[in-house]
Amino acid sequence: VVLKSALKEGEEHIGLSPLRKLKVMGKKQLMGITGKFEDILTKKEKIKWFEPEEQEKLLQTAWEYAHGKRVYNYTKKPRPKNLVPFMLIYLALNTGMRRGEIYALSWDKIDMEKGTILIDRSIEYSDGDNFGKPDLTKTDETRTIEITKQDIEMLKSYRVWVKEKLLPLRADINKVPVFFASDLGFLHSTQAWKQTKTVIRQAKLMPEGVKETRTFHDLRHTHASNLIDKEVYPPKIQKRLGHASLKITMDTYAHFFDKHDKKMVDTLEEIQGGGKVVENFR
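Before going into details, it helps to say that this report is about the structure given with it.

About the criteria used
- Residues numbered from 1 in each chain as written.
- Predicted model: local features only at pLDDT ≥ 70, side-chain atom pairs only at ≥ 80, totals over all residues.
- Heavy atoms only, no water.
- Axes fitted to C-alpha atoms, helices over the stretch in contact; angles between N-to-C directions.
- Helix = DSSP H or I, 4+ residues; strand = E, 2+ residues; numbered from the N terminus.
- Parallel < 35°, antiparallel > 145°, perpendicular 65-115°, else oblique.
- Contact = heavy atoms within 4.5 Å.
- Nonpolar A, V, L, I, M, F, W, Y, C, P; charged D, E, K, R; others polar.
- Pairing = 2+ DSSP bridges.
- Buried < 20%, exposed > 50% of the residue type's maximum accessible area, 1.4 Å probe, protein only.
- Phe/Tyr/Trp six-rings, centres within 6.5 Å; stacked < 30°, edge-to-face > 60°.
- Lys NZ or Arg CZ within 6 Å of the ring centre and 35° of its normal.
- Core = buried A, V, L, I, M, F, W, Y, C linked by side-chain atoms within 4.5 Å.

With respect to the packing of helix α5 (residues 52-66) against helix α6 (residues 84-95)
Two measures define how a pair of helices packs: the angle their axes make with one another and the distance between the axes.
Inference 1: With their axes 8 Å apart at the nearest point, α5 and α6 run at an angle of 155° to one another. Classified by the angle between their axes, α5 and α6 sit roughly antiparallel to one another. Contact residues: Gln55, Leu58, Leu59, Ala62, Trp63, Tyr65 and Ala66 in α5; Pro85, Phe86, Ile89, Tyr90 and Leu93 in α6.
Inference 2: Its residues assigned to classes, the contact of α5 with α6 comprises 11 nonpolar, one polar and no charged.

The following block contains the structure:
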């Protein structure tokens with residue numbers, strides 16, 4: 001829009017602007033609807049999530065993996081204890097934070113007393129997967145989310161391990177990201193997914209050879225699913241996930257909300273007295 005306006009102003013010097021013929025795209029164009037039969041067959045990519053029993057198995061396997069246990073031990077070498085993979089999965093599953101937001105987390109943003117996490121930064125990788133840089137969140141807004149007593153205890157235990165890890169290096173825990181790489185900097189762009197994929201396979205939730213993969217972002221979808229199943233007020237879910245609008249939340253998780261339609265009818269019947277009102281008028 002700005003370029004089109006600027007070129008129009010300068011037409012007396014450069015001639016007719018080449019952008020004059022451009023028109024605003026309609027909704028059908030934006031959605032990629034061409035008018036051909038293929039448009040009917042086009043399906044929106046389905047959101048994937050972990051069922052409750054899968055979540056339990058995933059966390060248990062992540063805990064074992066963090067403590068060096070291998071289900072598929074091809075190298076026969078023991079792994080050193082590393083709690084980062086477990087806490088990445090745990091925090092994503094129980095807070096719904098985006099990957100970049102988790103990567104940017106620092107200890108001063110976690111209030112153990114109040115039980116809150118301030119989310120005001122994300123990490124972007126425009127300079128390469130190994131060169132993460134702090135940036136604003138996806139919506140450029142900050143938000144504070146509440147965490148449970150269990151989350152606090154997990155973070156406290158993890159903090160103790162981090163201090164032990166940093167002690168020989170004489171590194172200040174307050175100057176190191178909560179989730180750090182071997183050089184004590186930001187994690188590699190794909191590290192969370194690679195480790196999560198390994199844990200998922202260890203838990204046998206994604207067998208070898210299966211093309212359909214589950215991603216680290218599915219943990220965020222799972223968190224949303226858990227909240228919707230417990231009928232948490234949708235605007236609260238929107239705020240917790242950091243969506244720009246309630247519409248985005250409702251559109252993204254429409255399938256989850258639809259599951260409660262039958263329950264709503266049951267509730268309406270209960271409000272109406274289970275048919276007793278009708279009997280009274282017969």
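Alright, that's what it looks like, and here's the rest.
Description of the sheet that holds strand β1 (residues 110-111)
Inference 1: Taken together, three strands build an open sheet; the order of strands is β1-β2-β5 and the sheet is antiparallel. Two strands bound the open sheet, and with one partner strand each, they are β1 and β5 (143-146).

A few points about the environment of Asp135
Inference 1: Among the structural elements, Asp135 can be located in strand β4 (residues 133-135).
Inference 2: The exposure class of Asp135 is partly exposed, given its relative accessible area of 37%.
Inference 3: Distance from Asp135 to Asp120, taken between C-alpha atoms, is 8.9 Å for residues 15 residues apart in sequence.
Inference 4: When sequence neighbours within four positions are dropped, the list of residues in contact with Asp135 reads Arg121, Ser122 and Glu124.

Points about the packing of aromatic side chains
Inference 1: Under the defined criterion, the tally for this structure stands at eight aromatic pairs.
Inference 2: Taken together, Trp107, Tyr158, Trp161 and Phe179 form an aromatic cluster joined through their ring pairs.
Inference 3: Cation over ring: Arg159 sits above Trp107, and NZ or CZ is 5.0 Å from the ring centre.

A few points about the nonpolar core
Inference 1: If you look at the biggest cluster of nonpolar residues, it comprises 50 residues, and the most contacted ones within it are Leu88, Tyr158 and Phe179.
Inference 2: Taken together, the elements giving at least two residues each to this core come down to α5, α6, α7 (99-103), β2 (116-119), α8 (149-166) and α9 (191-202).
Inference 3: Per-element tally for this core: the top contributor is α6, with nine residues.
Inference 4: When neighbours within four sequence positions are excluded, Tyr158 is seen to be in contact with Leu83, Val84, Met87, Trp107, Val178, Phe179 and Phe180.
Inference 5: Membership of the second largest hydrophobic core comes to nine residues, among which are Trp49, Ala224, Tyr253 and Phe257.

Structural notes on the pairing of β5
Inference 1: Burial along β5 is one-sided: the residues Arg143 and Ile145 are buried and none of Thr144 and Glu146 is.
Inference 2: Two strands pair when backbone bridges link them, and β2 and β5 are joined in this way by four bridges, in the antiparallel orientation. Paired with Thr116 across the two strands is Glu146, which belongs to β5.

By themselves, these figures tell us nothing about what the structure is for.
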